[in-house]
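Read off the chains here:
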Amino acid sequence: MTLERPIAPDPYELLPTVPSFTLTSDDVQNGEPMDVRHAHGSVGGENVSPQLTWSDFPAETRSFTVTCYDPDAPTGSGFWHWVLVNVPAQVTQLPAGVGGGAGADLGGAFCVRNDYGEQSYGGAAPPAGDRPHRYVFAVHALDVDRLDVTPDASPAYVGFNLTFHTLARAVIRPTYQIKE
């Protein structure tokens, strides 16, 4: 079986344009391969979400949503690895491994179910031998204190709500590949 197919568009190129702000990480870099610790356990990884820090977002930001999406998954709809919603505006960094999101330090933020069916960060796991996949880590600055979603919401439903509440977005796009 071959996985030859066109390269999927960047998901944010298909949505209304919004301003950007600064997103950095001690763990992942634009266009660079991720360490195996950020890969899924099913492919020998540790399933550790990367450290993220953001700044220079709009002053009127009231909360954030953090997402990770693989547009290169051979599904026709990509693959959602992480959707952490309702991060308070005063939180401007996430330490490595905070993938579940719940906790007093995140002010009630929570994860919706990712495409693994888990309410947490799910690491990279592209098919062996496939080209490098892009993992689009995005922090969305929002104009509301909380998105009106529950932990049972789908990533697509969260994305729909994000379209109407995103003031600005910051993105890092590392890659991951499993050689045959």
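Owing to the predicted nature of the structure, the values given are computational and were not obtained by experimental measurement.

Asks: Can you lay out unusual backbone geometry for me, pointing to particular residues and giving the numbers?
Replies: Despite not being glycine, D56 shows a phi value in the positive range, around 65°. Within the secondary structure, D56 is located in the loop between β2 (52-55) and β3 (63-70). Looking at D56, the relative accessible area reads 59%, which means it is exposed.

Asks: Tell me about the packing of aromatic side chains, and name the residues and values.
Replies: Considering all chains together, one arrives at nine aromatic pairs under this definition. Here F21 and F57 contribute two aromatic rings whose centre-to-centre distance is 6.1 Å and whose plane-to-plane angle is 80°, an arrangement assigned as edge-to-face. With F21 in the segment before β1 (22-24) and F57 in the loop between β2 and β3, this pair connects stretches of sequence that are 36 residues apart. Of the residues examined, F57 reaches a relative accessible area of 24% and is grouped as partly exposed.

Asks: Would you mind going over empty space enclosed by the protein in detail, with residue names and values included?
Replies: Here the structure, examined in full by the defined rule, presents one cavity of 30 Å³ or more. In this structure, the largest cavity encloses a volume near 40 Å³. Contributing to the lining of the largest cavity are L15, P16, V18, T163 and R169. Split by residue class, the lining of the largest cavity holds three nonpolar, one polar and one charged.

Asks: Let's hear about the layout of surface pockets: which residues, and what values?
Replies: Its volume calculated, the largest pocket comes out at about 390 Å³. Forming the walls of the largest pocket are 26 residues, and the residues nearest its centre are P11, L14, Y69, P71 and S77. Elements with a minimum of two residues in the lining of the largest pocket: α1 (155-165) and β9 (166-172). Counting residues per element, the lining of the largest pocket draws most heavily on α1, at four residues. Taken together, the residues of the lining of the largest pocket sort by class into 14 nonpolar, eight polar and four charged.

The rules behind the values
Residues numbered from 1 in each chain as written. Predicted model: local features only at pLDDT ≥ 70, side-chain atom pairs only at ≥ 80, totals over all residues. Heavy atoms only, no water. Helix = DSSP H or I, 4+ residues; strand = E, 2+ residues; numbered from the N terminus. Buried < 20%, exposed > 50% of the residue type's maximum accessible area, 1.4 Å probe, protein only. Phe/Tyr/Trp six-rings, centres within 6.5 Å; stacked < 30°, edge-to-face > 60°. 1 Å grid on protein atoms, 1.4 Å probe; cavity = no way out; pocket = protein on both sides within 12 Å on 5 of 7 lines; lining within 4 Å. Points joined across faces, edges and corners; volume = space filled by probe spheres on them. Nonpolar A, V, L, I, M, F, W, Y, C, P; charged D, E, K, R; others polar.

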